[in-house]
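Breakdown of the fold
Residue strings, one per chain:
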Amino acid sequence: MAFKDILVHLDSEAGSGAGARRQAFAISLAATHDAHLTGLIFALEPTIPPMIMGEVPGSLLESQRTRALEAAQASADTFTEAANRAGIKSEVRIVNCTEAAAGPTLAMHGRTSDLILVGQPEPDDVLAIRELLVEAALFESGRATLVVPYIGPNEAKLDRVMVAWDGRRQASRAANEAMPVLKTAEAVSVVIVGDSVPSAHGGEPGADLALHLARHGLSVDVKRIGSAGIDVGNALLSHAADSEADLLVMGGYGHSRFREFMFGGTTNSILESMTIPVLMAH
C-alpha cells in the first residue's frame, strides 16, 4: 500500500502564500512516495446576484471569465515548472465551473486518486468555497483527505505522526489510509482523549490499534490524555504541539444539518485551529 496517485487543489492565484506552501508540500510528498501528482485548478464562473443579473453587461461577464482562465493558466504553469524541477510525474487540470459545482467536481476527480490535498479554510479567505472543498473531499470522494494549514509547512517532513483513536469506524479508516505515511515515520503515537474508548481485546484503550500497527512492522506508543476542560479537538492539537508532531491522523465526522454535510464538533475545531497537516477519513 502506497501513495502513488495524489490530487492537490491549487489556488488560481499563483502568488498566494498559502497556495504556494500547499503546492510545495504536495510536490514534496509526491517526491517522497514516488507518486504521480495532479493539480486541480478552478476557473470559477462570475458570481452575479440574481436581482442584478439582467443589468450586468455581457462584455463584463466575458472579461471576468477570461481573467479567471488566465489566472488559472498562470497557476498551472507555475505548478508544472515546480513539479518538473522536483523531477516528479505530474499533470494539471483546469476546470471552468460555478462555485456550486466546485465541491462535487473536486470529489469526482479525487475518487480515482489515493489521497486528496486541500487547504485549511482561512480567515477572510478570498476563496469563499474553500470550506466546501474540504467538505466535499472528506465526505463525498471516498478517499482520504489531507488538509494543509494556511501557515504551511512547505515540506512534507512527516517524521512524528500522531494517530487520534476513539475506536470508531472513521478513526479506523483514517489509520489504515495513513499507512504509507506511518511506515516512513520515525515515531508513531496512538493518542486517546479520556477513558471511554472501546477495545476489541478488552484491555487498555488503544492497545488493539497498537497491536495491529505493530503487525505492519511499526513501533508504536500509546498515550492517554485528559481534556482538562477543553474540547477534544483542542486537546489533540495541544498534545500535538507539546509532542512536536508533524502530522495528525484522525477520523472526520459529520451529520446532516442545513447543508448536505456539516462538520462534527471535533473536526470543526481541528480545522479552525490546526497548525500541522491533518489526514482525515470518513
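Structure's up top.
Residues numbered from 1 in each chain as written. Predicted model: local features only at pLDDT ≥ 70, side-chain atom pairs only at ≥ 80, totals over all residues. Heavy atoms only, no water.

Looking at the sheet that holds strand β7 (residues 187–193)
Selection rule: When DSSP finds two or more bridges between two strands, those strands count as paired. Per the convention used, a helix needs a DSSP run of H or I reaching at least four residues, while a strand needs a run of E reaching at least two, with both numbered from the N terminus. In this analysis, axes come from line fits to C-alpha atoms, helices being fitted only over the stretch in contact, and the angle between any two N-to-C directions falls in the range 0 to 180 degrees. Only heavy atoms matter for contacts: two residues are in contact if any of them lie within 4.5 Å across the pair.
On the basis of which strands lie adjacent, the open sheet formed by ten strands has the order β3-β2-β1-β4-β5-β12-β9-β6-β7-β8 and mixed pairing. Lying at the two open borders of the sheet, with one neighbouring strand each, are β3 (90–97) and β8 (220–225). Strand-to-strand twist of the sheet, defined as the mean angle between neighbouring strand axes without regard to direction, takes the value 25 degrees. Judged from the three bridges that link them, strand β5 (residues 144–148) and strand β12 (residues 278–281) form a sheet pairing that is antiparallel. Its bridge partner lying in β12, T145 is registered against M280. Helix-sheet contacts for helix α4 (residues 130–140) involve β1 (5–10), β2 (36–44), β4 (115–119), β5 and β12, and the interaxial angle to β4 is about 165 degrees. Strands β5, β6 (160–164), β9 (247–251) and β12 of the sheet are contacted by helix α5 (residues 169–177), whose axis makes an angle of about 140 degrees with β9.

Section: helix α7 (residues 207–214)
Heads up, the rule is: A simple rule labels every residue: compare its accessible area, found with a 1.4 Å probe on the protein chains alone, to the largest value its type can have, and call it buried under 20%, exposed over 50%, or partly exposed in between.
For α7, the complete set of buried residues consists of D208, L209, A210 and L213. Along its buried surface, α7 packs onto β6, α5, α6 (179–184), β7 and β8.

Section: the packing of helix α3 (residues 99–110) against α4
Helix-helix packing is characterised by the crossing angle of the two axes and by the distance between the axes. Here is the rule: Just so you know how the angles are binned, under 35 degrees is roughly parallel, over 145 roughly antiparallel, 65 to 115 roughly perpendicular, and the rest oblique. Rotating anticlockwise by less than a right angle from the far helix to the near helix defines a left-handed crossing, while the corresponding clockwise rotation defines a right-handed one. Each residue receives one of three labels: charged for Asp, Glu, Lys and Arg, nonpolar for Ala, Val, Leu, Ile, Met, Phe, Trp, Tyr, Cys and Pro, and polar for the others, Gly being one of them.
Between α3 and α4, whose axes approach to 8 Å, the crossing angle comes to 40 degrees. Between α3 and α4, the angle is such that the two are oblique. Judged by the twist between their axes, the crossing of α3 over α4 is right-handed. Contacts between α3 and α4 involve A102, G103, P104, L106 and A107 from the former and L133, A136, A137 and E140 from the latter. Counted by class, the contact of α3 with α4 contains seven nonpolar, one polar and one charged residues.

All quantities given are derived from atomic positions and should not be read as evidence of function.
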